[in-house]
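As a plain string of letters, each chain reads:
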Number of protein chains: 2
Amino acid sequence: MELDETDREILRILQENARTPFSEVARRIDMSSATVHDRVGRMEEAGVIGGYHAEVDPKAVGYGVSAFVGLRVEQGREEDALERLRDIDGVSEIHLTTGEWDVMLRVVAADTDSLRELMFEEVAEMDGFSRSQTMIILGTDFDADGPPI
Amino acid sequence: MELDETDREILRILQENARTPFSEVARRIDMSSATVHDRVGRMEEAGVIGGYHAEVDPKAVGYGVSAFVGLRVEQGREEDALERLRDIDGVSEIHLTTGEWDVMLRVVAADTDSLRELMFEEVAEMDGFSRSQTMIILGTDFDADGPPI
DNA sequence: TCTGAAACCATCACCTG
DNA sequence: CAGGTGATGGTTTCAGA
């Protein structure tokens, strides 16, 4: 889908605050809210907008620790291995990557104890993986709302 | 802030779709929308809800490549180095981590050429860093809307 | 892309158990 | 004091221009 500057402005506004009323978006880009409604609908259709999500503080819901986990996958067992990872509670992202690791996870856990359990009782027990490395996130210095638009 | 099961249900609904009208949230949790309005307001105040964001497909806005970048920081130069990273266009997350890397970035770029520029003309030129490693994301297998609630 | 209108929703002051 | 009611002004949504 081809986006013009108007679409991009709408995206910027909704990326920053997804609950901005279309009527206000319309005011800010100087168009009618029917047009905004239209354009947003088309961008949702096309998959440009994948959804709208409340950003929930992990600590507030009981997750005190986040980490990246790099994994090496044994040849030929990728699919099976990935499927089982998806079912582990606390695994919130699974990426396939180049470089030192084949798979990079993002995980959340209540505390370091439950992170250890997650790693040693769930991930390490799964076969299909060799080596892993856990990089605990000590702090996040910057976290954009999404890609720059 | 103390969250009860009602708060958590509201969070689940808004994490999945931040534009759900409070009146519908109210219907689903069997309460009045005034109560939902109230609870959401309190959770925003308390920072449990950090915001609402449209999820924008990076490819649709011209970013064909995403990567994780691990960096080693030289002793005593952390603050200065982090500040300069934040100003590089395409750097969308900056995390401090334990393990092999001191800093883990998430970056987006138009293509591999501009990723190379980003790395060699911007990051590598900055002093305060030794070693770096770029892990290009070949694909994302799973991406949760946020922490499990 | 807009106008206009009906249905719908957010929000607030004020009750109620 | 958390939750509900009801009024009102704003918002969404859609047909038709």
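Criteria and cut-off values
- Residues numbered from 1 in each chain as written.
- Chains lettered and ligands numbered in written order.
- Predicted model: local features only at pLDDT ≥ 70, side-chain atom pairs only at ≥ 80, totals over all residues.
- Heavy atoms only, no water.
- Contact = heavy atoms within 4.5 Å.
- Buried area = accessible area lost by both parts, 1.4 Å probe.
- Salt bridge = Lys/Arg side-chain N within 4 Å of Asp/Glu carboxyl O.
- Polar contact = N/O pair within 3.5 Å; in protein donor to acceptor, adjacent residues only side chain to side chain.
- Helix = DSSP H or I, 4+ residues; strand = E, 2+ residues; numbered from the N terminus.
- Nonpolar A, V, L, I, M, F, W, Y, C, P; charged D, E, K, R; others polar.
- Pairing = 2+ DSSP bridges.
- Buried < 20%, exposed > 50% of the residue type's maximum accessible area, 1.4 Å probe, protein only.
- Near = heavy atom within 4 Å.
- Axes fitted to C-alpha atoms, helices over the stretch in contact; angles between N-to-C directions.
- Phe/Tyr/Trp six-rings, centres within 6.5 Å; stacked < 30°, edge-to-face > 60°.
- Lys NZ or Arg CZ within 6 Å of the ring centre and 35° of its normal.
- Patch = residues over 30% accessible without salt bridge, like charges linked within 9 Å, V, L, I, M, F, W, Y side chains within 5 Å.
- Areas by Shrake-Rupley, 256 points an atom, 1.4 Å probe, with all protein chains shown as cover.
- Lys, Arg positive; Asp, Glu negative; His and termini not counted.
- Charge placed at Lys NZ, Arg CZ, Asp CG, Glu CD.
- Least-squares fit on C-alpha atoms with pLDDT ≥ 70 in both.

A. Structural detail: the interface of chain A and chain B. The interface is formed by 61 residues belonging to chain A together with 61 residues belonging to chain B. Taken over both partners, the interface formed by chain A and chain B buries close to 5500 Å², and the fraction arising from carbon and sulfur atoms is 57%. At the junction of chain A with chain B, the criterion picks out 4 salt bridges. Taken together, the connections running from chain A to chain B amount to 41 residue pairs in polar contact (both at pLDDT 80 or more). Here the side of chain A that touches chain B takes 11 residues from strand S5 (residues 129-143) of chain A, the largest share from any one element. Taken together, the residues that form the side of chain A that touches chain B break down as 31 nonpolar, 17 polar and 13 charged. Where S5(A) and strand S3 (residues 91-97) of chain B come together, 5 bridges link them in antiparallel fashion. In the sheet register, Thr140(A) faces S3(B), and the bridge partner there is His95(B).

B. The arrangement of the pattern of salt bridges in detail. Residues and elements named next belong to chain B. For the structure shown, the criterion picks out 16 salt bridges over all chains. Two residues, Arg39 and Asp4, come together in a salt bridge whose shortest N-O distance is 2.9 Å. Of this pair, Arg39 sits in helix H3 (residues 33-45) while Asp4 sits in the segment before helix H1 (5-16); the two residues are 35 residues apart in sequence, bridging distant segments of the chain. Under the relative-accessibility criterion, Asp4 is labelled partly exposed at 32%. Where Arg39 meets Asp7, a salt bridge forms, and the shortest distance between an N and an O atom there is 2.9 Å. Of the two residues, Arg39 is situated in helix H3 and Asp7 in helix H1; the sequence distance between them amounts to 32 residues.

C. Focus on the protein's contact with DNA strand D. In the vicinity of DNA strand D, 13 residues are found, and the nearest of them are Phe22(A), Ser23(A), Ser32(B), Thr35(B) and Arg39(B). Within 4 Å of the protein, the atoms of DNA strand D are drawn from sugar and phosphate moieties in a proportion of 80%. Phe22(A) is positioned such that a nitrogen or oxygen atom in its backbone is 3.0 Å from a phosphate oxygen of DNA strand D. Contact distances for DNA strand D include 2.6 Å between a phosphate oxygen and a side-chain N or O atom of Thr35(B). Split into classes, the residues belonging to the surface near DNA strand D amount to 5 nonpolar, 5 polar and 3 charged.

D. Representation of the sheet that holds strand S4 (residues 103-109) of chain B. Overall, antiparallel pairing links the 8 strands, which are arranged S2(A)-S4(A)-S3(A)-S5(B)-S2(B)-S4(B)-S3(B)-S5(A) in a closed barrel. Geometrically, the sheet is characterised by an average inter-axis angle of 35° between neighbouring strands, direction not taken into account. When strand S2 (residues 65-73) of chain B meets strand S5 (residues 129-143) of chain B, the two strands line up antiparallel, connected through 7 bridges. In the sheet register, Gly70(B) faces S5(B), and the bridge partner there is Gln133(B).

E. Looking closely at the protein's contact with DNA strand C. What surrounds DNA strand C is a group of 13 residues, the closest being Ser32(A), Thr35(A), Arg39(A), Phe22(B) and Ser23(B). Among all atoms of DNA strand C positioned within 4 Å of the protein, those belonging to sugar or phosphate total 86%. Between DNA strand C and Ser32(A), the relevant distance is 2.9 Å, taken from a phosphate oxygen to a side-chain nitrogen or oxygen of the residue. Between DNA strand C and Phe22(B), the relevant distance is 3.0 Å, taken from a phosphate oxygen to a main-chain nitrogen or oxygen of the residue.

F. Quick peek at the packing of aromatic side chains. Counted by the stated rule, this structure contains 1 aromatic pair over all chains. For Arg19(A), the ring lying beneath its charged end belongs to Tyr52(B), and the centroid distance is 5.8 Å.

G. Region of interest: the side chain of Thr6(B). All names here are of chain B. Tracing the sequence through the fold places Thr6 in helix H1. For Thr6, a relative accessible area of 18% translates into the label buried. Setting aside anything within four residues of it in sequence, one finds Thr6 in contact with Ile29, Met31 and Arg39.

H. Structural view of a negative patch on the surface. Residues and elements named next belong to chain A. Negative charge collects at one region of the surface, where Asp89, Asp111, Asp113, Glu117, Glu121, Glu122 and Glu125 lie side by side. Among the structural elements, Asp89 can be located in the loop between helix H4 (78-86) and strand S3 (91-97). For Asp89, a relative accessible area of 54% gives the class exposed.

I. Up close: the relation of the copies chain A and chain B. Turning chain A through 180° and shifting it by 0.0 Å along the axis lays it on chain B, with an RMSD of 0.0 Å. One copy is carried onto the other by what is essentially a two-fold rotation axis. Taken as a fraction of all interface residues of chain A, those also at the interface in chain B reach 100%, which identifies the copy contact as same-surface.

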